[in-house]
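What follows is each chain in one-letter form.
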Amino acid sequence: MSVTIYHNPDCGTSRNTLAMIRESGVAPEVIEYLVTPPDNATIMQMVSDAGLTLRQALRQKGTPYAELGLDDPAITDAELLDAIAANPILLNRPFVVTPRGTRLCRPSEVVLEILENPDIGPFTKEDGEVVNTGGPGLTAR
């Protein structure tokens, strides 16, 4: 299975998602999107495939979102894409692309929806939360 993760190694959610992918038996293509940002067409495709709007895919916390005035509803998608191109940190993460779908994996266990082998057993996130990935449905305990 071909899996690509748009990853930020400084983000715990992104690290947890990557670990879950690897635990499922897949060696994903890892794109550190702050070093190698996706182009506008790729961003729009991922956002659309994930069922989001571009605005929903923006990260506000720890970014120049507020100082750039990106909360203004009059700002167009083209202008948002320009802002992301200039400040890739504005794109929320991690996005994961597989043949089974594309997701913004927040929380990280969302990735299990699109993996070929989602039953990786109990998984402990970096913060100590245990995610039970076996059986029907996903449950955190």
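Residues numbered from 1 in each chain as written. Predicted model: local features only at pLDDT ≥ 70, side-chain atom pairs only at ≥ 80, totals over all residues. Heavy atoms only, no water.

Between its terminal C-alpha atoms helix 1 (residues 12-23) stretches 16 Å, which fits the 16 Å expected from 12 residues at 1.5 Å a residue. Those residues of helix 1 not exposed but buried are Thr13, Ser14, Asn16, Thr17, Leu18, Met20 and Ile21. At the exit of helix 1 stands glycine 25, carrying a positive phi of roughly 100°. (Helix = DSSP H or I, 4+ residues; strand = E, 2+ residues; numbered from the N terminus. Expected span 1.5 Å × (residues − 1). Buried < 20%, exposed > 50% of the residue type's maximum accessible area, 1.4 Å probe, protein only.)

By the element assignment, serine 24 lies in the loop between helix 1 and strand 2 (29-32). The buried category is assigned to serine 24, whose relative accessible area is 9%. For serine 24, the side chain forms a polar contact with the main-chain oxygen of isoleucine 21, separated by 2.6 Å. The contact partners of serine 24, leaving out residues within four places of it in the chain, are Leu115, Asn117 and Ile120. (Polar contact = N/O pair within 3.5 Å; in protein donor to acceptor, adjacent residues only side chain to side chain. Contact = heavy atoms within 4.5 Å.)

In this section: unusual backbone geometry. That bond from arginine 93 to proline 94 is cis: its omega, 0°, falls within 30 degrees of zero. As for its position among the elements, proline 94 is in the loop between helix 3 (77-86) and strand 3 (95-98). For the peptide bond that leads from arginine 106 to proline 107, omega is 5°, which places it in the cis range.

To continue, consider the pairing of strand 4 (residues 101-104). Side-chain positions along a regular strand alternate between the two faces of the sheet. Sheet analysis places strand 3 next to strand 4, joined by four bridges and oriented antiparallel. Residue threonine 98 lies in a different strand from strand 4, and its bridge partner there is glycine 101. Two successive antiparallel strands, strand 3 and strand 4, enclose a turn made up of two residues. (Pairing = 2+ DSSP bridges.)

To continue, consider the nonpolar core. Nonpolar side chains in soluble globular proteins generally cluster together in the buried interior. Ile43, Leu54, Leu70, Ile84, Leu90, Leu91 and Phe95 are the most contacted members of the largest nonpolar core, which totals 21 residues. Taken together, the elements giving at least two residues each to this core come down to helix 2 (40-49) and helix 3. Once you skip the residues sitting within four places of it in the chain, leucine 91 turns out to touch Tyr33, Pro38, Ile43, Met46, Ala57, Arg59 and Ile84. Among the nonpolar cores identified, the runner-up in size contains 15 residues, and Ile21, Val26, Cys105 and Phe123 belong to it. (Core = buried A, V, L, I, M, F, W, Y, C linked by side-chain atoms within 4.5 Å.)

On to a negative patch on the surface, then. A surface patch of like charges, here negative, comprises Asp71, Asp72, Glu79 and Asp82. Note that glutamate 79 resides in helix 3. (Patch = residues over 30% accessible without salt bridge, like charges linked within 9 Å, V, L, I, M, F, W, Y side chains within 5 Å. Areas by Shrake-Rupley, 256 points an atom, 1.4 Å probe, with all protein chains shown as cover. Salt bridge = Lys/Arg side-chain N within 4 Å of Asp/Glu carboxyl O. Lys, Arg positive; Asp, Glu negative; His and termini not counted. Charge placed at Lys NZ, Arg CZ, Asp CG, Glu CD.)

By themselves, these figures tell us nothing about what the structure is for.
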